[in-house]
Amino acid sequence: MKISKYIVPTMKEDPSDAVVASHRLMIRAGLIRKEAAGMYAYLPLGFRVLKKVINIIREEMDKAGGLEFLMPELTNADLWKESGRWDTMGPEMFRIQDRNKLEYALAPTHEEAFTNVVRSIISSYRDLPVNVYQINTKFRDEIRPRFGVMRSKEFIMKDAYSFDIDEEGLEESYQKMRATYRSIFERCGLETIPVQADTGNMGGSNSEEFMVASEIGEEALLLCSCGYRANQERADFYRELTKSGEEQKEIEIVDTPDVKTIDDLVSFFNCSAEKFLKSIIYLADNKPVMAVVPGNREINELKLKNTLGAVELELAPDNVVEEVTSAPVGFAGPVNGLNVRTVFDISVRYIPNAITGANEKDKHFKNVNPERDFAVKEEADISTAEEGDPCPECKKSMTVKRGIEVGHIFKLGYKYTKAMNVTVQNEKSQEITPIMGCYGIGVNRTLAAIIEQNYDERGIIWPLSVAPFHVHLVGIAKSDEEVKTVEEIYNKIQDSGLEVLYDDRKVSPGFKFADADLVGIPVRITVGKSYFTNNEIELKFRHSKDILKISVEKISEFLSEYRKLLSDGNVSIQKLSDFLK
RNA sequence: CGGGAUGUAGCGCAGUCCGGUAGCGCGCUGCGUUCGGGACGCAGAAGCCGGGAGUUCAAAUCUCCCCAUCCCGACCA
């Protein structure tokens with residue numbers, strides 16, 4: 001492809017609204033343009049990369065026995081009502097009506113749609129297992145689209161759904177996808193960290209997220225050297241739960257004017273934060289509940305939500321807090337039994353002589369003792385694991401890293417097959433309900449994550465497997481004759497079967513080199529001065545500074561080797577540069 | 001939805017306090033000179049100053065209302 005006939009609108013300056021590297025570079029290198037917040041147009045160069053990522057996913061899915069579908073993006077409300085998610089999906093689902101006032105959703109995910117189509121097709125245990133998938137656009141009315149294509153309102157997702165006759169089968173399907181995901185991300189040149197995760201509103205039990213370590217990641221991960229890896233949302237941690245020997249003192253009420261936050265309390269009472277019982281009022285499905293954790297801990301809202309079995313959980317507004325505690329915000333506590341459901345963190349009962357709000361303005365209790373001064377009826381782990389907390393498996397101290405979630409695999413269980421009444425006959429002619437798994441990959445996000453992991457101050461450094469072109473040919477010709485010579489080389493590279501982007505523009509060499517670095521094609525071939533004087537072609541790998549001067553014959557060999565490695569699916573920069581030695 | 005910021009030429013910005021001729025850099029067009037790491041000269045084109053209402057002789061600039069975009073928190077691939 002000649003640049004003069006293509007569209008590569010590169011920009012020297014960073015766009016003002018891009019903060020993270022991938023977003024900046026995708027716009028500067030001419031891969032995407034913003035249409036509106038959370039909506040992006042892919043330009044030809046960006047679309048080529050996107051297609052390469054899609055192809056890798058498709059190849060690996062097909063290899064694993066996945067069957068590719070294409071589902072409608074507009075889904076009937078009846079489907080969602082059948083599974084019960086019409087009410088639970090919340091405002092992130094785009095809902096629309098047609099001219100007859102029938103309700104639809106722009107699909108944010110496709111469990112229902114696939115379950116529906118599969119149930120109409122399968123009828124026997126012999127039809128199972130089956131793994132169906134698609135690569136298609138999803139719509140989510142994100143509260144805040146962010147970071148370019150990393151989090152957008154419209155995005156491409158590969159979503160797969162497995163149906164098995166029993167849990168054993170599901171385990172097999174799940175493990176197969178687990179392995180498939182590893183190879184997909186590996187082929188994309190991405191290093192991923194699989195972590196245990198929450199299943200969110202997808203339902204189900206077991207789930208694992210594939211994370212790309214990155215400073216800009218929106219998830220915090222807890223990692224242990226023993227191999228324990230979990231999303232902070234659901235990470236467990238080990239706790240030494242023993243009664244302290246401390247003698248129980250007499251409960252006292254203390255005047256604490258304007259002392260509301262844990263920080264205030266620490267300086268007021270001059271003791272450590274873990275002595276306080278942090279008591280927070282939430283609204284769980286619009287009903288007030290209180291959660292109590294030690295003052296040095298954060299409440300893990302997801303754990304709390306799961307404990308409560310709630311669909312929606314949010315901090316209660318001030319007026320609700322005042323109503324429930326009959327005191328301003330900041331003085332809640334479990335002592336004189338409030339009339340709300342209260343969940344205590346499992347560590348609370350082991351805190352002697354604690355300090356807590358008195359449910360009265362400017363008053364706190366000190367020397368509060370669990371069970372003596374209040375009943376601990378409902379207990380759960382509702383604390384967030386933090387950096388340095390002991391690993392739940394080996395008790396060693398865990399570290400925290402940030403990550404971008406590029407893939408997520410779930411064991412869904414029977415949630416959809418039961419709700420939507422999917423059955424097949426087993427060998428005894430009995431009706432059984434298949435069990436499901438579901439497996440997603442954010443395609444655009446994967447692309448952005450690839451850039452996040454592969455760039456420098458000059459631009460993108462594409463892994464060979466997803467580069468928009470295999471070779472970037474820079475021609476520096478001064479006369480018509482020289483132009484013709486470069487063109488012959490261009491034809492030769494094309495004939496070798498490689499995808500080549502040929503910079504044939506009439507601009508200065510520096511301009512072309514800078515653009516080549518920005519666009520980031522892994523192999524750059526320059527035909528210029530040294531060719532016209534010494535018959536040597538210059539080759540430069542994007543990831544290194546070295547410029548190699550190579551004879552025409554050797555270049556031909558190099559190109560056919562490159563071509564061969566690509567078709568073997570076995571190409572790496574290492575192998576390519578080794579070939580030149 | 002809460003908190004913060006910004007909308008001026010295709011892109012990046014100044015001008016706004018203190019009302020009075022709309023500006024700079026990049027890019028773009030033409031001609032010429034250049035030609036190995038974002039070349040130079042000359043000549044050009046291009047802006048309802050986010051939208052609406054108001055104050056004023058006069059508004060990019062002051063007031064009010066709307067809209068959009070970005071950043072920080074809750075949602076998620």
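Look above for the structure.
Residues numbered from 1 in each chain as written. Chains lettered and ligands numbered in written order. Predicted model: local features only at pLDDT ≥ 70, side-chain atom pairs only at ≥ 80, totals over all residues. Heavy atoms only, no water.

### Observations concerning the protein's contact with RNA strand B
Point 1. RNA strand B sits among 48 residues. The nearest are Arg140, Ile143, Asp517, Lys529 and Glu538.
Point 2. A distance of 3.3 Å separates a base nitrogen of RNA strand B from a polar atom in the backbone of Ser152.
Point 3. For the surface near RNA strand B, the elements supplying multiple residues, two or more each, are strand E8 (154-164), strand E21 (399-413), helix H13 (509-519), strand E29 (523-527), helix H14 (529-534) and strand E30 (536-541).
Point 4. Per-element tally for the surface near RNA strand B: the top contributor is H13, with seven residues.
Point 5. For the surface near RNA strand B, a count of residues per class yields 15 nonpolar, ten polar and 23 charged. (Near = heavy atom within 4 Å. Polar contact = N/O pair within 3.5 Å; in protein donor to acceptor, adjacent residues only side chain to side chain. Helix = DSSP H or I, 4+ residues; strand = E, 2+ residues; numbered from the N terminus. Nonpolar A, V, L, I, M, F, W, Y, C, P; charged D, E, K, R; others polar.)

### Section: the pattern of salt bridges
Point 1. All told, the structure shown has 40 salt bridges when counted by the stated rule.
Point 2. Across the pair Asp345 and Arg239 runs a salt bridge, and its minimum N-O distance is 2.5 Å. Highlighted residues: Asp345 in strand E17 (residues 341-345) and Arg239 in the loop between strand E12 (229-231) and strand E13 (252-255), separated in sequence by 106 residues.
Point 3. Between Lys564 and Asp568 there is a salt bridge whose closest N-O contact spans 3.9 Å.
Point 4. Judged by its relative accessible area of 46%, Lys564 is partly exposed.
Point 5. The exposure class assigned to Asp568 is partly exposed, which follows from its relative accessible area of 48%.
Point 6. The structure contains a network of salt bridges with shared partners spanning Glu59, Glu60, Lys63 and Arg187. (Salt bridge = Lys/Arg side-chain N within 4 Å of Asp/Glu carboxyl O. Buried < 20%, exposed > 50% of the residue type's maximum accessible area, 1.4 Å probe, protein only.)

### A few points about the sheet that holds strand E19 (residues 363-368)
Point 1. With antiparallel pairing, three strands are arranged side by side in an open sheet as E13-E19-E18. The open sheet terminates on both sides in strands that have one partner only, identified here as E13 and strand E18 (354-357). Each neighbouring strand pair of the sheet contributes to a mean axis angle of 30 degrees, computed without reference to strand direction.
Point 2. Note that E13 and E19 share four bridges and pair antiparallel. Bridged to Glu252 within E19 is Lys366. (Pairing = 2+ DSSP bridges. Axes fitted to C-alpha atoms, helices over the stretch in contact; angles between N-to-C directions.)

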